[in-house]
Amino acid sequence: GQRMQYDGHGDAPPGFPPQYRGPPRMVFDGKSMRKPIVRKTVDFNSPIMHYLEKRKYWRDSRDFSGLQPTTEWVKDLLPPSVLDESNSMCTRFIHTSTNKIRCPINCVAWTPEGRRLITGSSSGEFTLWNGLTFNFETILQAHETAVRAMVWSHNDNWMVTGDHGGVIKYWQSNMNNVKAFTAHKEAVRDISFSPTDAKLTTCSDDVTLKIWDFARCAEEHVLTGHGWDVKCVSWHPQKSIICSGSKDNLIKLWDAKSARNIETFHGHKNTVLQVQWNQNGNWLLTASRDQLLKLFDIRMMREMQTFKGHKKEVTAAAWHPFLPNLFVSGGFDGALLYWIVGNEEPQAEVQGHEGSIWEMAWHPLGHILCSGSNDHTTKFWCRPRPGDTLKDRYTLIPSGSSASKIDYRIIKWRIYTLEWLDL
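Residues numbered from 1 in each chain as written. Predicted model: local features only at pLDDT ≥ 70, side-chain atom pairs only at ≥ 80, totals over all residues. Heavy atoms only, no water.

1. Some remarks on the overall build of the protein
Of regular secondary structure, the protein possesses 1 helix and 31 strands. Classification of the 423 residues of the protein by burial places 51% in the buried group. In the protein, the proportion of contacts linking residues at least 24 apart, taken out of those at least 6 apart, comes to 46%. Just so you have it, the protein exposes about 20,500 Å², and 49% of that area is on carbon and sulfur atoms. (Helix = DSSP H or I, 4+ residues; strand = E, 2+ residues; numbered from the N terminus. Buried < 20%, exposed > 50% of the residue type's maximum accessible area, 1.4 Å probe, protein only. Contact = heavy atoms within 4.5 Å. Areas by Shrake-Rupley, 256 points an atom, 1.4 Å probe, with all protein chains shown as cover.)

2. Digging into the pairing of strand β21 (residues 272-277)
Burial analysis of β21 places 5 of its 6 residues in the buried class, the great majority of the element. Where β21 and strand β22 (residues 283-288) come together, 5 bridges link them in antiparallel fashion. Each residue of the ladder has a partner; that of W277, found in β22, is L284. Between the antiparallel neighbours β21 and β22 lie 5 residues, among them G281 with a positive phi of about 80 degrees. (Pairing = 2+ DSSP bridges.)

3. Some details on the confidence of the model for the protein
This prediction gives the protein a mean pLDDT of 86; 85% of its residues lie at or above 70. Strand β1 (residues 4-7) is the least confidently modelled element of the protein, averaging 44 in pLDDT, while β22 averages 97, the highest of any element. Considering only residues more than four positions removed or in separate chains, one finds that residues 1-9, a stretch of pLDDT under 50, has 20 contacts. Considering only residues more than four positions removed or in separate chains, one finds that residues 398-423, a stretch of pLDDT under 50, has 60 contacts. (pLDDT = per-residue confidence, 0-100.)

4. Things to note about the sheet that holds strand β6 (residues 116-121)
Reading across the sheet, the 4 strands line up as β5-β6-β7-β8 and stay open at both edges, with antiparallel pairing between neighbours. Bordering the open sheet on either side are β5 (105-110) and β8 (136-141), each of which pairs with just one other strand. Between one strand axis and the next, the sheet turns by 20 degrees as a mean value, whatever way the strands run. Here β5 runs beside β6; their pairing, made up of 5 bridges, is antiparallel. Bridge assignment links A109 to a residue of β6, and that residue is I118. (Axes fitted to C-alpha atoms, helices over the stretch in contact; angles between N-to-C directions.)

5. Observations concerning the sheet that holds strand β9 (residues 147-152)
What the 4 strands build is an open sheet, ordered β9-β10-β11-β12; its pairing is antiparallel. Because the sheet does not close on itself, it has two edges, and the strands there are β9 and β12 (177-182). For this sheet the average axis-to-axis angle between neighbouring strands, irrespective of direction, equals 15 degrees. Looking at chain direction, strand β10 (residues 158-163) and strand β11 (residues 167-172) are connected through 5 bridges and run antiparallel. Each bridged residue has a counterpart across the sheet, and for W158 the counterpart in β11 is Q172.

6. Observations regarding the environment of I118
Take I118: it is sitting in strand β6. I118 sits in the buried class, given a relative accessible area of 0%. Taking the C-alpha atoms as reference, I118 lies 8.1 Å from C107; in sequence the two are 11 residues apart. Setting aside its immediate chain neighbours within four residues, I118 contacts C107, V108, A109, T111, F126, T127, L128, M150, W152, M159 and M175.

7. Observations concerning the side chain of S86
Relative to the elements of secondary structure, S86 occurs in the loop between α1 (45-54) and β4 (92-97). A polar side-chain atom of S86 sits 3.1 Å from a polar atom in the side chain of D84. (Polar contact = N/O pair within 3.5 Å; in protein donor to acceptor, adjacent residues only side chain to side chain.)

8. Overview of the side chain of T378
Tracing the backbone through its elements, the reader meets T378 in strand β31 (residues 378-382). Sequence-distant contacts of T378, defined by excluding residues within four places in its chain, comprise H95, T96, S97, I105, V108, L117, T119, C370 and S371.

9. Regarding the packing of aromatic side chains
Enumeration over the complete set of coordinates arrives at 18 aromatic pairs. Centroid distance F126 to W171: 5.1 Å. Interplanar angle 55 degrees. Geometry classified as tilted. Separated by 45 residues along the polypeptide, F126 in strand β7 (residues 125-130) and W171 in strand β11 bring together distant segments of the chain. An angle of 25 degrees between the planes, with centres 4.5 Å apart, marks the rings of Y170 and F214 as stacked. Of this pair, Y170 sits in strand β11 while F214 is found in the loop between β15 (209-213) and β16 (218-223), placing the two residues 44 residues apart along the sequence. Assessed through its relative accessible area of 11%, F214 is described here as buried. In this structure an aromatic cluster arises from ring pairing among W158, Y170, F181, F193, W212 and F214. (Phe/Tyr/Trp six-rings, centres within 6.5 Å; stacked < 30°, edge-to-face > 60°.)

10. Re the pattern of salt bridges
Counting across every chain of the model gives 12 salt bridges. Close ionic contact of D388 with R92 constitutes a salt bridge, the shortest N to O distance being 2.9 Å. Note that D388 is positioned in the segment after β31 and R92 in strand β4, a separation of 296 residues in sequence. The exposure class of R92 is partly exposed, given its relative accessible area of 31%. Between D213 and K199 there is a salt bridge, and its shortest N-O distance comes to 3.4 Å. In this pair, D213 sits in strand β15 while K199 sits in strand β14 (residues 199-204), placing the two residues 14 residues apart along the sequence. Given a relative accessible area of 11%, D213 falls into the buried group. (Salt bridge = Lys/Arg side-chain N within 4 Å of Asp/Glu carboxyl O.)

So this is what it looks like as structure tokens:
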């Protein structure tokens, strides 16, 4: 039978004295096994189980205990879905994942159940990383040219990707490619599903947006009106409204049924690189190369707030999956900034990458943020735990302060730590 045993010789040749021999090797079925590796992880099971146990008798904030800044309170940390924005900013660095063949990471997307992260690179490859221990799982050559867009359907069954050659591909959850067709003459820049998943829209550098029937892969409408490359597109979470942003500095709203332009916003002074609908369906977030983010309210069809804080172009933005007021933005200089709607200044800032951040993706539970960058790395970020210090090479300490001398209890919550709640 098969049994595991230890080879007492270790790594030294036979005949060496015992003190010169290495540690014993683990042997299974006559084969030497790899040395076990202890990997870092972010365990989300404990906060969820803690919440499921206590929610039965929680009435409201009267039964909700505030977190104190000591390690004893780590066990009382709850999922982001039941906390406020100040306790859900992922500013603590966890892990860096890099391919052996280094190339820029253009797209990042979590699988719907959150077990893996998929990255799309400029070499056309998909890399799958473990979502719990962040180690490499597999790699496949998905496209012949650089991957430019990646999105999952709302029913979690399909992933659609687009590349620099204008090709669209359909993927099942097991990474089986079932369909490929040429959608545009130039690079596909963004893809978005309709609320029912029956349609999808794509935008391209060929100055057009297209609406497709997902099942038939048939083109239904071509939306023309932008004067330059269309860089981003997003379908409204409930309605047949499509938003697009372009290199002509314009943001346009389209009626998906009639393919007509509803409204045009002229708020930005440079290329619009990202448009994102909020889950409430009323707010539209835009990011531009003019170093600004803007929030529009489509009920009034006007600008609601402008966010200033980036020192370089804003290249990516992402709403939190549960907290409607919290979003994160990434800049051309590699900076990650966390914002809360209604506040003018960024509430947390991390210098995360050495190159521009092309895309960011929240874990489906909202406790981890992943960022893909032009510096060839994929980085994972989580929430600081009670008792964590500011001794981190990614954390930006205010001028005139020393991280070793800062008292956790008196730090404002906008400085990358959990809020000091005195309830």
